[in-house]
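# Chain and residue survey
What follows is each chain in one-letter form.
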2 protein chains.
Amino acid sequence: MANNRDITIYDIANELNLSSSTVSRALKNHRSISKKTIKRVNEMADKMGYTPNELASSLRNNKTKTIGVLISRLNRPFVTSLISGIEETAQKAGYNVIIAQSHDSYNDEVTLAQALYNSRVSGIICSLAMETTKTNHFDQFIKKDIPLVFVDRVPKDFDTYRVMIDNYSAGYKATNHLIEMGAKRIAHIGGLKFRNIYKERERGYRDALKKHNLPIDEDLIQHVKSMSYDEGEKATNKLLDMDNPPDGIFTSNDTTGVAAIQVAKQRGLIIPDELKIIGFNNDPLSQIIDPGLSTISHPAYEMGKTSSKKILKHLKKSDKKSITEITFLNTEIIVRGSTKTN
Amino acid sequence: MANNRDITIYDIANELNLSSSTVSRALKNHRSISKKTIKRVNEMADKMGYTPNELASSLRNNKTKTIGVLISRLNRPFVTSLISGIEETAQKAGYNVIIAQSHDSYNDEVTLAQALYNSRVSGIICSLAMETTKTNHFDQFIKKDIPLVFVDRVPKDFDTYRVMIDNYSAGYKATNHLIEMGAKRIAHIGGLKFRNIYKERERGYRDALKKHNLPIDEDLIQHVKSMSYDEGEKATNKLLDMDNPPDGIFTSNDTTGVAAIQVAKQRGLIIPDELKIIGFNNDPLSQIIDPGLSTISHPAYEMGKTSSKKILKHLKKSDKKSITEITFLNTEIIVRGSTKTN
DNA sequence: TTGTAGGCGTTATCAA
DNA sequence: TTGATAACGCCTACAA
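Residues numbered from 1 in each chain as written. Chains lettered and ligands numbered in written order. Predicted model: local features only at pLDDT ≥ 70, side-chain atom pairs only at ≥ 80, totals over all residues. Heavy atoms only, no water.

The name an unreviewed UniProt entry gives chain A is LacI family DNA-binding transcriptional regulator, with Winogradskyella poriferorum as the organism.

Pasting the structure below:
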């Protein structure tokens, strides 16, 4: 049942009294091969059940049809949509996608980057682990001119492709919206500050307050480690326990935003009258919760598509030189019941 | 900057005046090599920045360290958890995971199965596309003794590993719970009947009704194509528009369950007093919606882990023979506000 | 239009 | 304990 050897181009060649090179060329419709031979070869290949060995081909050509994707973890809607976009675009171009989860651990990220390198991926797309501050483990890709795209959680200084949103202006927009809806004392729940995206969103938040001459109260700014639901609950409780609690909260993701809504509801606060909340990402949760969570749409799927395209385009080019290219995708504000009554 | 050739074992061998075979063995701590040589080789490898070429190794050994995963689409919580489980288990064993999305299209599934085969995956885990009824495209894996695991959406007749839940008993449990909570006229929103999991859940539903001497009204059974939110809304509206509407609904996933809740709320029905709803999957949505959606927990992550383990175990075995092994994982009923008042 | 020959990097077999 | 050699399956420069 098992281990019957694979059919190779040699087997086809033997059967047709041709050379393996002719068969190889025929299978790729090489123009130097007669139509008749091409037809014969293809028919025989079908008949014999030939399947090309991509491995051998990759080794010989020194390139694989594989893109490596290194992300924190799969179970977040943003990541899922991102990968969907990556995978669909890659698939259309005949590329496979290998997925590796760092679980937000720097050590795992280093190991996995190496594993992806060893399996000779043609390109790599990475959204950094929460913990990661050094990025030496990616240098090898640049050295070998393997296109590297950082997406969303990108390092600050690394000359390569980066696909991201303008987190500063998104943070500004979100905060500004709360102000426009009448909030005067606005809190912020964000991620660790060395992760640039969170820092930028916070910067936007601060600038929006300044712009409207609202004071910045450091006690109203909560940094949480993993932006989980539990952390969101805790942070919200802390905020609402204050003597002078906020009347608006901008959370840097929807999970904590939803947590904030739940906590506020449990405490009997009326949303949005007494407390306005805006999140970030436009996760499915945000429209299911009652009231709906206003949020910033994060074009995850588009970011995935764009990342794949950068890789594919780079692989087509012949002039090899190091590249720095930052692509910003647009965000939109999505207004729901958590900030505005119908 | 680019294209500096990779360091190979030959380069190391040259540098140390050894043969490539010695280096190869040293790098794998082969017992026939002296400790001293092993040390020298490893140090030199580090120094020169050697990275093994898995591609060459795979070709030579005729096996890859890669598991292929073929699923419908990534953006469903069930699938995400499934893959998380697969990937983590695989990663620990030094395996990569290649992901391919069929988008529930039979044709794509056939193409992708072939692509995975061509890239010589060591094993394949598949959850069938909604459309798929024939499974010939998987025969090649069996022929080559490449372990194949079907998970969740499994074919009825295919002698291989299958990892699934007992959908019949889960459907029975869910329906039974509605009855126990007092529902007398229970509807069902399920998927296409040729997809076995939906058929089985429906069978459980029917038998639970029978068991309690409740009549089965075919009008109360809705089959929808993709179990999407929109379809859930439509189906629910249809049911509630009946002259004699149901007082309970069992939906075969949470997305349609949540849709049912929303529709019922919009219509001013009181849940669970006037209408009890139970879903399937225990998606994050189900606990966020208000009232919480009672549901059947689907051990997705566990199913992923189990699937990976089946593959890894099979690869270790030496006695190659075709295998039929069905693993059932447990489901649990999770009771929330949509069926029971606190 | 087709064939010959060598090599991609690794590893297993056999010999030393 | 180490080395020489061939092979995994494919592709391409060169030759015919």
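### Points about the packing of aromatic side chains
Residues and elements named next belong to chain A. This is how the line gets drawn: Pairing of aromatic rings covers Phe, Tyr and Trp, the last counted by its six-membered ring, and requires centre-to-centre distances within 6.5 Å; plane angles under 30 degrees mean stacked, over 60 mean edge-to-face, and any other angle means tilted. Strands are runs of DSSP state E lasting at least two residues, helices are runs of H or I lasting at least four, and both sets are numbered from the N terminus onward. A 1.4 Å probe rolled over the protein chains alone gives each residue an accessible area, and that area as a share of the maximum for its type sets the label: buried under 20%, exposed over 50%, partly exposed in between. Counted as over-ring charges are cases with an Arg CZ or a Lys NZ within 6 Å of the ring centre that also lie within 35 degrees of the ring normal.
Under the definition given, this model contains 12 aromatic pairs over all chains. Ring plane angle 70° and centroid distance 5.3 Å describe the contact between Phe-150 and Phe-158, whose orientation is recorded as edge-to-face. A ring pair is formed by Tyr-168 and Tyr-172, whose centres lie 6.4 Å apart and whose planes are at 45°; its orientation type is tilted. Placement of the pair is Tyr-168 and Tyr-172 together in helix α8 (residues 167–180), with a separation of 4 residues, close to one helical turn. Judged by its relative accessible area of 21%, Tyr-172 is partly exposed. By way of ring pairs, the aromatic residues Tyr-117, Phe-138, Phe-141, Phe-150 and Phe-158 are connected into one cluster. The residue whose ring lies beneath Arg-201 is Phe-280, and the NZ or CZ to ring-centre distance is 3.7 Å.

### Some remarks on the protein's contact with DNA strand C
This is how it is decided: Throughout, near means a residue has at least one heavy atom within 4 Å of the molecule or strand. The definition of a polar contact used here is a pair of N or O atoms within 3.5 Å, where within protein one atom must be able to donate a hydrogen and the other to accept one, and adjacent residues in sequence count solely through side-chain atom pairs.
Among the 27 residues in the neighbourhood of DNA strand C, the closest are listed as Ser-21, Thr-22 and Thr-37 of chain A together with Tyr-50 and Arg-60 of chain B. For DNA strand C, the fraction of atoms within 4 Å of the protein that belong to sugar or phosphate moieties is 60%. Taking Ser-19 of chain A, its main chain carries an N or O atom lying 2.9 Å from a phosphate oxygen of DNA strand C. Here a phosphate oxygen of DNA strand C sits 3.1 Å away from a polar atom, N or O, in the side chain of Lys-28 of chain B. For the surface near DNA strand C, the elements supplying multiple residues, two or more each, are α2 (20–27) and α4 (54–61) of chain A together with α1 (9–16), α2 (20–27) and α4 (54–61) of chain B. In terms of residues, the surface near DNA strand C owes the most to one element, α4 of chain B, which gives 4 residues.

### Points about the interface of chain B and chain A
A common way to report how large an interface is uses the accessible area buried once the components associate. Quick reminder of the rule: Two residues form a contact once any of their heavy atoms are found within 4.5 Å. By definition, the buried area sums, over both parts, the 1.4 Å-probe accessible area that each loses when the two are put together. Just to be clear on terms, a salt bridge is a Lys or Arg side-chain nitrogen sitting within 4 Å of an Asp or Glu carboxyl oxygen.
Between chain B and chain A, the contact holds 51 residues from the first and 52 residues from the second. Taking both sides of the interface into account, the surface hidden between chain B and chain A amounts to around 4,600 Å²; carbon and sulfur atoms contribute 57%. By the criterion of area lost to chain A, the three top residues of chain B are Leu-55, Arg-120 and Ile-288 of chain B, representing 15% of everything that side buries. Summed over the shared surface of chain B and chain A, the result is 4 salt bridges. For Asp-6 of chain B, the salt bridge is made with Lys-144 of chain A, and the minimal N-O distance between the two is 3.5 Å. One can count 19 residue pairs in polar contact (both at pLDDT 80 or more) joining chain B with chain A.

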